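# Reading the structure
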Amino acid sequence: MSTINASDYQIWSAVAKVLHNILYSYPSMTLISSFKRDKLASQWPELELTEREQLGRQALARYLAQWDDCEAQLIELKLDYGQLFFGPGDPKAVPWGSVYTSEGQLLNESSTQNLISFYKTHRIELSLPGNEPVDHIGLILLVLQYLLNELVANPDDIDKFRVCTLLLQQHLLPWADRCLELAELHAKTDFYRGTAVLARVFLGHLGQKLDVIPQTVKLYR
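One structure accompanies this document, and this report is about it. Since the model is a prediction, treat every value here as computed from it, not as a measurement.

## Let's talk about the nonpolar core
- If you look at the biggest cluster of nonpolar residues, it comprises 68 residues, and the most contacted ones within it are Leu144, Phe202 and Leu210.
- Sorting elements by how many residues they give to this core places helix H9 (residues 158–186) first, with 14 residues.
- Beyond its immediate stretch of four places on either side in the chain, Leu210 contacts Ile4, Tyr9, Trp12, Phe161, Cys164, Thr165 and Leu168.

Quick look at the structure:
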């Protein structure tokens, strides 16, 4: 922990926030246009300096370079998001943890309840618009962003560091890479393909830097 400083946490918090915005809900014209305006692909931090990371950045850059605020493009992107993460039908990259970690591949199974208990224990509150499972990858990334942001303000906060590592170890890393692997495999646009690659790199990098060994669980997808 002593080798990690506030700027590291700031970078990781920013990445978690962007990934939350991308993975939690359908894309909007405003969001994608802001990514192009802010040169998201070129500004994305180089965490691992690997060829794979570069391929992810290149895919994202290709997509944003051809984005021109066209309604047809937005529809295509929404269709891609839907088939990956929402439906109709069975999403190709289901975003809820319990679908991967429960034998029945159902929502709100024991892993979801464990996450709810974890949040209650550590006084983490989520304000959600509806009654939805809390183990959505986008929601967990939001909580991760909050914890990392707390560590920006106080890098030596042992309690927040512990909560952050436990969230990763027990509730996100055991299944998130499989979700993102499926997203990478089935994405029909460079936007979600590139994002999936970069998200996998990010979570692997974060686990390594925070010295987190993911809990071993059997995955059913």
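## Points about the packing of helix H4 (residues 51–65) against helix H10 (residues 190–209)
- Direction vectors running N to C along H4 and H10 enclose 150°, while the axes themselves pass 8 Å from each other. In terms of orientation, H4 lies roughly antiparallel with respect to H10. Once H4 is placed against H10, the crossing between them reads as left-handed. For the pair H4 and H10, the contacting residues are Arg52, Glu53, Gly56, Arg57, Ala59, Leu60, Arg62 and Tyr63 in the first and Asp190, Phe191, Gly194, Thr195, Val197, Leu198, Arg200 and Val201 in the second.
- Of the residues in the contact of H4 with H10, the class split is 7 nonpolar, 3 polar and 6 charged.

## Digging into the packing of aromatic side chains
- Tallying each qualifying case throughout the model produces 12 aromatic pairs.
- Relative to Tyr81, the ring of Tyr26 has its centre 4.8 Å away and its plane inclined at 55°; by these criteria the two rings are tilted. Taken together, the residues span a long stretch of sequence, with Tyr26 in the loop between helix H1 (6–23) and helix H2 (29–37) and Tyr81 in helix H5 (residues 71–86) at a distance of 55 residues.
- For Tyr81, a relative accessible area of 2% corresponds to the buried category.
- When the centroid spacing of 6.2 Å and the interplanar angle of 70° are considered together, the rings of Phe85 and Tyr192 count as edge-to-face. Of this pair, Phe85 sits in helix H5 while Tyr192 sits in helix H10; the two residues are 107 residues apart in sequence, bridging distant segments of the chain.
- Overall, Phe85 belongs to the buried group, its relative accessible area being 3%.
- Clustering of aromatic rings is evident, with ring pairs tying together Tyr26, Phe35, Tyr63, Trp67, Tyr81, Phe85, Phe86, Phe191 and Tyr192.

Quick notes on the rules
Counting of residues starts from 1 at the beginning of each chain's written sequence and follows it residue by residue. Only residues with pLDDT of at least 70 are given local features in this predicted model, and only at 80 or more are side-chain atom pairs given and counted; all residues enter the totals for whole chains, interfaces and linings. Computation of side-chain values covers all heavy atoms of the structure but excludes hydrogens and water. To qualify as a nonpolar core, a set must consist of buried Ala, Val, Leu, Ile, Met, Phe, Trp, Tyr and Cys residues joined through side-chain atoms within 4.5 Å. In this scheme, a residue with accessible area under 20% of its type's maximum is buried, one over 50% is exposed, and one in between is partly exposed, where area comes from a 1.4 Å probe on protein chains only. Strands here are runs of E lasting at least two residues and helices are runs of H or I lasting at least four, both read from the DSSP assignment and numbered beginning at the N terminus. Here a residue-residue contact requires only that any non-hydrogen atoms of the pair lie within 4.5 Å. Angles here are taken between N-to-C directions and fall from 0 to 180 degrees, while the axes themselves are lines fitted to C-alpha atoms, restricted in helices to the stretch in contact. An angle counts as roughly parallel when it lies under 35 degrees, as roughly antiparallel when it exceeds 145, as roughly perpendicular when it falls between 65 and 115, and as oblique in every other case. We call a crossing left-handed when the near helix sits turned anticlockwise from the far one by less than a right angle, and right-handed when that turn is clockwise. When residue character is reported, Ala, Val, Leu, Ile, Met, Phe, Trp, Tyr, Cys and Pro are called nonpolar, Asp, Glu, Lys and Arg charged, and the others, Gly included, polar. Note on ring pairs: Phe, Tyr and Trp rings are taken, using the six-membered ring of Trp, and paired if centres are within 6.5 Å. Classes follow the plane angle, with under 30 degrees stacked, over 60 edge-to-face and the rest tilted.

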